[in-house]
Amino acid sequence: MINVRDLGVNYGNELALNNIDLDIPGNRTCAIIGPSGCGKTTLLYTIAGLLKPSAGKVLINDEEVQGARRETGVILQNGGLFPWKTVWDNVSLGLKVRKFDKSAINQKVAAILEELGILEHRNKYPTQLSAGQKQRVAIARALVLEPDLLLMDEASSALDAINRELIQNLILKLYKKNPITMVLVTHSIEEAVFLGQTIVIMKQAKINHKINNPYFGDEDIRSKSDYYNVCREVRELLRGEDEEQ
Amino acid sequence: MTGDLSLHIIISIFRITTAIVISLGIGIPIGLWLGLSKRADAVLSPVTYILYPIPKVAFLPLFMMLFGLGNSSKIILIISIIVFQIILTVRDGVKEIPTEYYYSVKTLGLNRWQIYRNMVIPAVFPKIISALRVSIGVSIATLFFSENFATTYGIGYFIMNCWVMVDYIQMFAGILAMSIMGIVIFKAIDLMERKLCPWI
Ligand SMILES: Nc1ncnc2c1ncn2[C@@H]1O[C@H](COP(=O)(O)OP(=O)(O)O)[C@@H](O)[C@H]1O
Ligand SMILES: [Mg+2]
């Protein structure tokens, strides 16, 4: 579904991505992990059509990405919720601009808020929510548009350990219920192994390793030793890069 | 006889609110334009910087020659004070909108007009309210000054006239009325903020 070809992105003179090649098949999940500043967000935003490549291209369903795509849902690093809109209005905005009629909007928004357990907060403003609730609203805002591709930037990094696992479980549950292509960026090894069918390891504007994660999809994986073996493998690959320097 | 105090107050409030409404009407679109267009900002902001610091009361004689002795010249004088504050506040407010909000509206698929309505205007609105609060004090002082010329109405005229007539009781009543007018205007702005920016 996604084909990244020889992609390069600069900020002025700074090379943020260099010669990136990546293929993500449809309806699978891909976790991109790497140290802070290695270019994860830049890669995700370029796939989203928010940043323009300076070299190469991104293809989605064989079409070159030229700008934000209607069927791509994006969850921005801090959620990107509008503080001046209530939970309900934040989530319904995308449907409104897509000209859905009022009853369809009401039904869809209520259903997704219910599913994510935030329906009772529908009249609150984002500042009145906890970090975990805000992240759920951001997820609802993306999913209510029924995207075929979901891009997530550090979906759980702003959360405490307990809420982080809850959000990760939620994302896995949503994926299993309705498998769409998911690309998630994270700096957490545990999250990458829990949510990534493919795990891509980045380092300084480049992709260094891609590994397959055969244990993906098991909700109880955290209590199994296989999980820790994959985590260890990822950790060693990440650390190995440091030693090369 | 200077007449009924309430009439003078009403006329002063009319002059000030007209000036505020017109200033918002002119200042918000120009500020949005400067904030969103680099070229407009490069060309017009220096003009704003030249005009902004000039003490506008110096223009009262000129405005009276150009716009007549009546309400217009007084209202325009107040506009010339508030409007720059609104323009610069809106411009800077637009520039300060975090990039993530732009990314949000792009990924949700909003068009230009929807972006204004759902992002730009709400993002700068609280700042406009603060700019209004800051400029109210100067506006009242300027109004008071301008009402000493070529008018027989307005709270400024009332106070100065009572002073000349040695009617100190009425004069103090006028001063009191003027501070009450200030409170009313500030309360109106507070109310507007609560109605239009409920998320704050
Ligand atoms: N808007 C920007 N302007 C200039 N440099 C940027 C900008 N955004 C990111 N960068 C730089 O690009 C590199 C990659 O950033 P980013 O993709 O945000 O990394 P990550 O998400 O992996 O932490 C970093 O070195 C960062 O300093
Ligand atoms: Mg990042």
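Residues numbered from 1 in each chain as written. Chains lettered and ligands numbered in written order. Predicted model: local features only at pLDDT ≥ 70, side-chain atom pairs only at ≥ 80, totals over all residues. Heavy atoms only, no water.

Looking at an unreviewed UniProt entry, one finds chain A named ABC transporter ATP-binding protein and attributed to Mobilitalea sibirica.

A. Representation of the sheet that holds strand 1 (residues 2-11) of chain A. Residues and elements named next belong to chain A. In space, the four strands of this open sheet follow the order 2-1-4-5, with antiparallel pairing throughout. Of all the strands in the sheet, the pair left with one neighbour each is strand 2 (14-24) and strand 5 (63-64). Strand direction decides the pairing type here: strand 1 and strand 2, joined by seven bridges, are antiparallel. By the bridge assignment for strand 2, N10 is matched with L15. Where helix 1 (residues 40-48) meets the sheet, its contacts fall on strand 1, strand 2 and strand 4 (55-60), and the angle it forms with strand 1 comes to roughly 120°. (Pairing = 2+ DSSP bridges. Helix = DSSP H or I, 4+ residues; strand = E, 2+ residues; numbered from the N terminus. Contact = heavy atoms within 4.5 Å. Axes fitted to C-alpha atoms, helices over the stretch in contact; angles between N-to-C directions.)

B. Looking closely at the packing of aromatic side chains. A complete count under the given rule lists 11 aromatic pairs over all chains for this structure. Here the aromatic rings of W84(A) and W199(B) are separated by 6.3 Å at their centres, their planes lie at 65°, and the arrangement is edge-to-face. A residue pair is termed interchain when its members come from two chains, as with W84(A) in the loop between strand 6 (72-75) and helix 2 (87-97) and W199(B) in the segment after helix 8 (168-196). Each member of the pair, W84(A) as well as W199(B), carries the same accessibility label: buried. Both rings, one in F59(B) and one in F63(B), keep their centres 5.8 Å apart while their planes meet at 25°; by these two values the pair is stacked. Residue classification places F63(B) among the buried residues on the basis of a relative accessible area of 11%. (Phe/Tyr/Trp six-rings, centres within 6.5 Å; stacked < 30°, edge-to-face > 60°. Buried < 20%, exposed > 50% of the residue type's maximum accessible area, 1.4 Å probe, protein only.)

C. Representation of the layout of surface pockets in the model. All names here are of chain A. A volume near 390 Å³ is recorded for the largest pocket. For the largest pocket, the lining is made up of 19 residues, of which I112, E115, L143, E146 and N178 are closest to its centre. The biggest single contributor to the lining of the largest pocket is helix 3 (residues 102-115), with five residues. The calculated volume of the second largest pocket comes to roughly 240 Å³. With four residues, helix 4 (residues 131-143) is the single largest residue contributor to the lining of the second largest pocket. (1 Å grid on protein atoms, 1.4 Å probe; cavity = no way out; pocket = protein on both sides within 12 Å on 5 of 7 lines; lining within 4 Å. Points joined across faces, edges and corners; volume = space filled by probe spheres on them.)

D. Broad picture of the confidence of the model for chain B. On average, residues of chain B carry a pLDDT of 92, and 98% of them reach 70 or more. This prediction of the complex comes with two scores: 0.87 for pTM and 0.90 for ipTM. (pLDDT = per-residue confidence, 0-100.)

E. View of the pattern of salt bridges. Counted according to the given criterion, the structure contains 16 salt bridges over all chains. K224(A) is paired through a salt bridge with D218(A); the nearest N and O atoms lie 2.5 Å apart. The class for K224(A) is partly exposed, based on a relative accessible area of 37%. Given the relative accessible area of 24%, D218(A) is considered partly exposed. Of the charged contacts in the structure, one is a salt bridge between D190(B) and R133(B), with a shortest N-O distance of 2.9 Å. Of the two residues, D190(B) sits in helix 8 while R133(B) sits in helix 6 (residues 112-146), which places them 57 residues apart along the sequence. Of the residues examined, D190(B) reaches a relative accessible area of 24% and is grouped as partly exposed. (Salt bridge = Lys/Arg side-chain N within 4 Å of Asp/Glu carboxyl O.)

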